[in-house]
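Analysis of the macromolecular model
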Amino acid sequence: MSKSVILCGVGGQGTVLASKLISYAAMAKGDEVKSAETIGMAQRGGSVTSHVRMGDGVFSPMIPIGKADVMIAFEPAEAVRNLAYLKDDGVVVVSKKAVKPVTASLAKKEYEGKDMLDYLEKKVDRLVVVDGEKVTSKLGSSKVLNVVLLGAAVASHEIDISPEEVRSAIRDKVPEKFHELNYLALDEGALLYSEQ
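This report concerns the structure included in the present document. What you see is a predicted model, and the numbers here were worked out from it, not measured in a lab.

1. Description of the environment of L127
One can find L127 in strand β6 (residues 126-130). For the pair L127 and M71, spaced 56 residues apart in sequence, the C-alpha separation works out to 9.7 Å. In this structure L127 touches V92, V94, L120, E121 and Q196, once residues within four positions along its chain are discounted.

2. Some words on the pattern of salt bridges
Counting across every chain of the model gives 12 salt bridges. Of the charged contacts in the structure, one is a salt bridge between K114 and D118, with a shortest N-O distance of 2.9 Å. In this pair, K114 and D118 are both assigned in helix α4 (residues 114-123), four residues apart and thus about one turn of the helix distant. Its relative accessible area of 26% is what places D118 among the partly exposed residues. Across the pair R171 and E164 runs a salt bridge, and its minimum N-O distance is 3.2 Å. On the accessibility criterion, R171 (40% relative accessible area) is partly exposed. With relative accessibility at 44%, the residue E164 sits in the partly exposed group. Connected via shared salt-bridge partners are K3, R126 and E158.

3. As for the packing of aromatic side chains
For the structure on display, the rule yields zero aromatic pairs. Geometry around Y24 places K173 over its ring, the cationic atom sitting 4.3 Å from the centre.

4. Some points on the packing of helix α1 (residues 15-28) against helix α6 (residues 145-155)
Remark: α1 packs on α6, axes separated minimally by 9 Å, with the N-to-C direction vectors making an angle of 45°. What the angle tells us is that α1 and α6 run oblique. With respect to the hand of their crossing, α1 and α6 are arranged in right-handed fashion. Packed against α1, whose contacting residues are L17, A18, L21 and I22, the element α6 presents N146, V147 and L150 at the interface. A per-class count over the contact of α1 with α6 returns six nonpolar, one polar and no charged.

5. A closer look at the nonpolar core
Counting residues in hydrophobic clusters, the biggest one holds 38 residues, and the most contacted among them are I22, I72 and I159. Sorting elements by how many residues they give to this core places α6 first, with eight residues. The contacts of I159, once residues within four sequence positions are left out, are K3, V5, I22, M54, V70, A153 and V154. Of all hydrophobic cores here, the second largest spans 15 residues; its members include C8, A79, L86 and L120.

About the criteria used
- Residues numbered from 1 in each chain as written.
- Predicted model: local features only at pLDDT ≥ 70, side-chain atom pairs only at ≥ 80, totals over all residues.
- Heavy atoms only, no water.
- Helix = DSSP H or I, 4+ residues; strand = E, 2+ residues; numbered from the N terminus.
- Contact = heavy atoms within 4.5 Å.
- Salt bridge = Lys/Arg side-chain N within 4 Å of Asp/Glu carboxyl O.
- Buried < 20%, exposed > 50% of the residue type's maximum accessible area, 1.4 Å probe, protein only.
- Phe/Tyr/Trp six-rings, centres within 6.5 Å; stacked < 30°, edge-to-face > 60°.
- Lys NZ or Arg CZ within 6 Å of the ring centre and 35° of its normal.
- Axes fitted to C-alpha atoms, helices over the stretch in contact; angles between N-to-C directions.
- Parallel < 35°, antiparallel > 145°, perpendicular 65-115°, else oblique.
- Left-handed = near helix turned anticlockwise from the far one by under 90°.
- Nonpolar A, V, L, I, M, F, W, Y, C, P; charged D, E, K, R; others polar.
- Core = buried A, V, L, I, M, F, W, Y, C linked by side-chain atoms within 4.5 Å.

What follows is the structure in structure tokens.
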């Protein structure tokens, strides 16, 4: 059995690290993993999308349209932009905070994200909206939003990796001084999922 996770956001949000933690956790338990990233026009502010596929019978890193079990979206508009990848009963974990895309900034257009969240609520049955600013403020660092969202996604039981397997990946791949903060972020994400 295979699982597919699409992660989407903008540059600088930790999308790639979150995809690597999923990949490492799955590989450590013996799953075959294929992944790929598409990175937008700028390191900061451009679109970033990561595809992670794991399990039996995975031959390509790219998730076909309509086949993602889970979407982890760091930004509401990016969630809408990538929604076609989600399967009908898939889970979307999305950060509530809008990040104004570079294109909107250049065009001097307004963008707050509420319309995108409203659209997602109409289209997705299994939607988890995370108040990223609130939880990262509680944790004292905005840099762990990626692990908060990952914690919520793992708690959905749709990825086939456990919180302990993600903790192990954090231990192996994140500098030691950030371990405890990331463990707390993982737990906060799981708690947010259980509350929705």
